Amino acid sequence: ASFALWRGDLTDARRAAERGWERVRETEDWSLMAKMAATALEVDAEIALAARERREIATIAAARAHAAEVLAAARAAVTAAGVPASFGSRRGAEAMLATAAASRARLDGRTDAATWAAVADDWAAVGDRYQVARARWREAEAFLAAGDDARAARRLARRPLLEAARIAAELGAGPFLRELTELAGRALITLPGPPAATGSWVAAGPGAGAAPVAAAAPGGQRSDRRLSDRRLSDGRAPIAGQAGPPSDLVRGFIGEPPPKRTDTFGLSPREKEVLALITQGRTNREIGARLFITDRTAAVHVRRILGKLGVSGRVEAATVAIRLGLTDRQSR
C-alpha cells in the first residue's frame, strides 16, 4: 500500500490496504492491527483529498466511514490486549494509533501542525526515525496549508521540513526525499543542496553558511527496509509519486547530474510551476492551494504567463506548453 502511494496509484493503494486490514482484523495481533490501521487511514486520507478536488462527495463520505470503522476497531483491539503502557510494543501501537488519528483529521480537513508535532514526539520516544520524519513532513504541510500569511507559514514549515529531509537522506529514503523536495519547491522553501564530494549531506542554515550534517550512505546498508525505499537493481532509488524528472537535490543524492535547462519565453521557475498546473486545467483557486499562495497571486502569475507566451487564454497557454515542453515538472 505504501509503495502504491509513492507511485500515486490510489486504486492499488486502496486495494492493498483493504486486503491487509481484512487479514489482520480477525486475528489477535493487536500491534499489527494498529500498524495496518495507520496505513489504511493514510490511504483513506489521500483518496478523500483527491476526491475533494474532483468534488466527489460520495467518495469522500465512503473514505470517512471506512476510516472511522478501522480506527475504532484498532483502538478497541489495543485496549483489550491489556498490555501495560510502559511496554515497548504498547508504545509502538499507541504511536501507530496517533498517526492514524492524525490521518483521519487530515481526511476531514481539520488537521493542524500541533497534531503532527505530537505524533513526531511519540515516534521519537519509540525510536523510529523514519516515522518521525514522516510526521514532520505532515507538520510542515499543515503549517503551509493553514497559514494566512504565506511568508510566516514558510518560516514555520521550514524547520520540520528540514528535519524530515535530513532523516530521509541519512536513511537513504529516495522516494520520500523526492516528496519532500517537491513540497519544498511548491512552498518556495530552499532545502539543502546535493551531497558534497565527501559524502556528507550539507544543510544550509537560515542566513548562514552551510553546515555538514550526518552522512547519507547511498551505497551502504539501510536501517529501513520498506519496499518503497529500496534501491533498484542499478543502484538508484526508485523515483515514484511524481511525474517528470527528479529535482536537482534528488539527482545529486542518487548520483545523477542535473540536466541543462534553458528558460523559454522568459518564464520564471514559479511561472513554470503555475503553467504546469494550467495544463492540468486547474483554476486559480486550485493553483493557489497547490502552491500555498493566494488566489490573487495565482491570477497575477497567470496573466504574466499569458503575456510572455503571447496567447489570449489558458487553453492556448496549455497547448503551447505541451507542444514546446515548457514545463519541466508536473504537480500531482
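Everything below is about the structure shown above.
Residues numbered from 1 in each chain as written. Predicted model: local features only at pLDDT ≥ 70, side-chain atom pairs only at ≥ 80, totals over all residues. Heavy atoms only, no water.

Considering the overall build of the protein
Along its length, the protein carries 14 helices and two strands. The contacts in the protein between residues at least 6 apart in sequence include a share of 63% that link residues at least 24 apart. Summed over all atoms, the accessible surface of the protein reaches about 16100 Å², with 53% contributed by carbon and sulfur. (Helix = DSSP H or I, 4+ residues; strand = E, 2+ residues; numbered from the N terminus. Contact = heavy atoms within 4.5 Å. Areas by Shrake-Rupley, 256 points an atom, 1.4 Å probe, with all protein chains shown as cover.)

So, the nonpolar core
Counting residues in each nonpolar core, the largest one holds 63 residues, and the members touching the most others are Trp21, Leu144, Leu161, Phe176, Leu180, Leu183 and Ile189. If you tally residues by element for this core, the top one is helix α3 (residues 30-54), at twelve residues. When residues no more than four places from it in sequence are discounted, the contact partners of Ile189 are Leu144, Arg154, Ala157, Arg158, Leu161 and Ala184. (Core = buried A, V, L, I, M, F, W, Y, C linked by side-chain atoms within 4.5 Å. Buried < 20%, exposed > 50% of the residue type's maximum accessible area, 1.4 Å probe, protein only.)

A look at the side chain of Arg290
Here Arg290 shows up in helix α12 (residues 284-291). In this structure Arg290 comes out as buried when scored by relative accessible area, which is 14%. A distance of 2.6 Å separates polar atoms of two side chains, one belonging to Arg290 and the other to Glu182. (Polar contact = N/O pair within 3.5 Å; in protein donor to acceptor, adjacent residues only side chain to side chain.)

Comments concerning the pattern of salt bridges
Counting across every chain of the model gives 28 salt bridges. Between Arg138 and Glu46 there is a salt bridge, with its nearest N and O atoms 3.2 Å apart. On the criterion of sequence distance, the pair formed by Arg138 in helix α7 (residues 129-146) and Glu46 in helix α3 is long-range, its members being 92 residues apart. On the basis of relative accessibility, which here comes to 6%, the residue Arg138 falls in the buried class. Among the salt bridges present, the one from Asp295 reaches Arg285, with a minimum N-O distance of 3.9 Å. In this pair, Asp295 sits in helix α13 (residues 295-309) while Arg285 sits in helix α12, placing the two residues ten residues apart along the sequence. A cluster of three or more residues bridged by salt bridges with shared partners is formed by Glu42, Glu46, Arg106, Arg134, Arg138 and Glu141. (Salt bridge = Lys/Arg side-chain N within 4 Å of Asp/Glu carboxyl O.)

Examining unusual backbone geometry
With a phi close to 60 degrees, Arg55 is a non-glycine residue in the positive phi region. Owing to a relative accessible area of 64%, Arg55 belongs among the exposed residues under this scheme. Backbone geometry at Leu188 places phi at a positive 60 degrees, although glycine is not the residue there.

Quick look at α13
Helix length check: α13 (15 residues) gives 21 Å between terminal C-alpha atoms against 21 Å at 1.5 Å per residue, within 8%. Turning to α13, its buried residues number three or more, namely Ala298, Ala299, His301, Val302, Ile305, Leu306 and Leu309. Along the axis of α13, the buried residues cluster in a sector spanning 160 degrees; they form a single face. Set apart from the buried face of α13 by more than 90 degrees, the exposed residues are Arg296, Arg303 and Gly307. Check the buried side of α13 and you find it contacts α11 (269-279), α12 and α14 (314-324). Of the residues flanking the end of α13, it is Gly310, one or two places downstream, whose phi is positive at about 70 degrees. (Expected span 1.5 Å × (residues − 1). Arc of directions from axis to C-beta.)

Some points on the packing of α11 against α13
Where α11 contacts α13, the two axes come as close as 10 Å, and the packing angle between them is 90 degrees. Our classification of the angle between α11 and α13 gives roughly perpendicular. Contacts from Arg270, Glu271, Val274, Leu275 and Ile278 of α11 reach α13 at His301, Val302, Arg304, Ile305, Lys308 and Leu309. In terms of residue class, the contact of α11 with α13 is built from six nonpolar, one polar and four charged. (Axes fitted to C-alpha atoms, helices over the stretch in contact; angles between N-to-C directions. Parallel < 35°, antiparallel > 145°, perpendicular 65-115°, else oblique. Nonpolar A, V, L, I, M, F, W, Y, C, P; charged D, E, K, R; others polar.)

A word on the packing of α7 against helix α9 (residues 174-187)
Packing of α7 against α9 brings their axes to within 11 Å, and their N-to-C directions diverge by 15 degrees. The angle between α7 and α9 places the two elements in the roughly parallel class. In the packing of α7 onto α9, the handedness of the crossing is left-handed. Facing Tyr130, Ala133, Arg134, Trp137, Ala140, Glu141 and Leu144 of α7, the residues of α9 in contact are Phe176, Glu179, Leu180, Leu183 and Ala187. Tallied by class, the residues present in the contact of α7 with α9 amount to nine nonpolar, no polar and three charged. (Left-handed = near helix turned anticlockwise from the far one by under 90°.)

What about the packing of aromatic side chains?
On inspection of all chains with the given rule, the structure shows four aromatic pairs. Geometrically, the ring pair formed by Tyr130 and Phe176 is tilted, given 5.7 Å between the ring centres and 55 degrees between the ring planes. Of the two residues, Tyr130 is situated in helix α7 and Phe176 in helix α9; the sequence distance between them amounts to 46 residues. Both residues of the pair, Tyr130 and Phe176, count as buried. Positioned above the aromatic ring of Phe3 is the side chain of Arg7, whose terminal nitrogen or guanidinium carbon lies 5.1 Å from the ring centre. Above the face of the Trp137 ring, Arg138 is positioned so that its terminal group lies 3.9 Å from the ring centre. (Phe/Tyr/Trp six-rings, centres within 6.5 Å; stacked < 30°, edge-to-face > 60°. Lys NZ or Arg CZ within 6 Å of the ring centre and 35° of its normal.)

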